[in-house]
Amino acid sequence: MHRTSAPSAPLASPDYYERLSRLQHGLRDSEKKRLDLEKKLYEYNQSDTCRVKLKYVKLKRYLKEICESEKKAHIRNQEYLKQFECVQTHVGHFTTNTEKLQELKIEYETQIKKMQLLSKDSRGIKHEQKDEDREKVKK
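Residues numbered from 1 in each chain as written. Predicted model: local features only at pLDDT ≥ 70, side-chain atom pairs only at ≥ 80, totals over all residues. Heavy atoms only, no water.

As a further point, take the overall build of the chain. Helix and strand content of the chain: one helix and zero strands. Split into buried and exposed, the 139 residues of the chain put 1% on the buried side. (Helix = DSSP H or I, 4+ residues; strand = E, 2+ residues; numbered from the N terminus. Buried < 20%, exposed > 50% of the residue type's maximum accessible area, 1.4 Å probe, protein only.)

Pasting the structure below:
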């Protein structure tokens, strides 16, 4: 039997195979570039995702630190309020005691003045009696 080529098949020429080879080589290069670009895009997306995750973790840790600091500050402020209330109570007692002491001071000063006046009066009376006694003795 004789082999004949199909009438629809192009004639095999060296230009055809050379062109086919160039096209296939170009297709391989394009596919290789596409795969490289796809890989770079994936890596970029991964790194971006990774950066976002790292930023999220960092912000979450920072928020936790702030919350802890706020709790400590709140507790410290509550302690300060308790101490202030104790001081305020003591000041109230001191004020009350000071008022009472002022009243006692005024009362004691008044009594001392009265006693001094009585003492002066009694000395004056004693001096008069002594003078009278002296006069009696002279007579």
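Further remarks concern the confidence of the model for the chain. Here the chain averages 85 in pLDDT, and 82% of its residues register 70 or above. A low-confidence stretch, residues 1-7 stays under pLDDT 50, and its non-local contacts, those more than four residues away or across chains, total zero contacts. (pLDDT = per-residue confidence, 0-100. Contact = heavy atoms within 4.5 Å.)

The subject of this paragraph is the packing of aromatic side chains. In the structure shown here, the tally under the stated rule is one aromatic pair. Their ring planes at 70° and their centres at 5.3 Å tell us that Tyr16 and Tyr17 sit as a pair that is edge-to-face. Judged by relative accessible area, which is 38%, Tyr16 ranks as partly exposed. Residue Tyr17 is classed as partly exposed on the basis of its relative accessible area of 47%. (Phe/Tyr/Trp six-rings, centres within 6.5 Å; stacked < 30°, edge-to-face > 60°.)

On to the pattern of salt bridges. Scanning the entire structure with this criterion turns up five salt bridges. Residue Glu18 is joined to Arg22 by a salt bridge in which the shortest nitrogen-to-oxygen separation is 4.0 Å. One end of the pair is Glu18 and the other is Arg22, both in helix α1 (residues 14-138) and four residues apart, which spans about a single turn. Relative accessible area serves as the criterion here: at 48%, Glu18 is assigned to the partly exposed category. Of the charged contacts, one joins Glu31 and Arg34 as a salt bridge, the two residues approaching to 2.5 Å between their closest N and O atoms. Of this pair, Glu31 and Arg34 both sit in helix α1, three residues apart, roughly one helical turn. A relative accessible area of 40% means that Arg34 is categorised as partly exposed. Connected through salt bridges with shared partners, the residues Glu31, Arg34 and Glu38 form a single ionic network. (Salt bridge = Lys/Arg side-chain N within 4 Å of Asp/Glu carboxyl O.)

On to a nonpolar patch on the surface, then. On the surface, Leu101, Leu104, Tyr108 and Ile112 cluster together into a nonpolar patch covering about 400 Å² of accessible area. Among the structural elements, Tyr108 can be located in helix α1. (Patch = residues over 30% accessible without salt bridge, like charges linked within 9 Å, V, L, I, M, F, W, Y side chains within 5 Å. Areas by Shrake-Rupley, 256 points an atom, 1.4 Å probe, with all protein chains shown as cover.)

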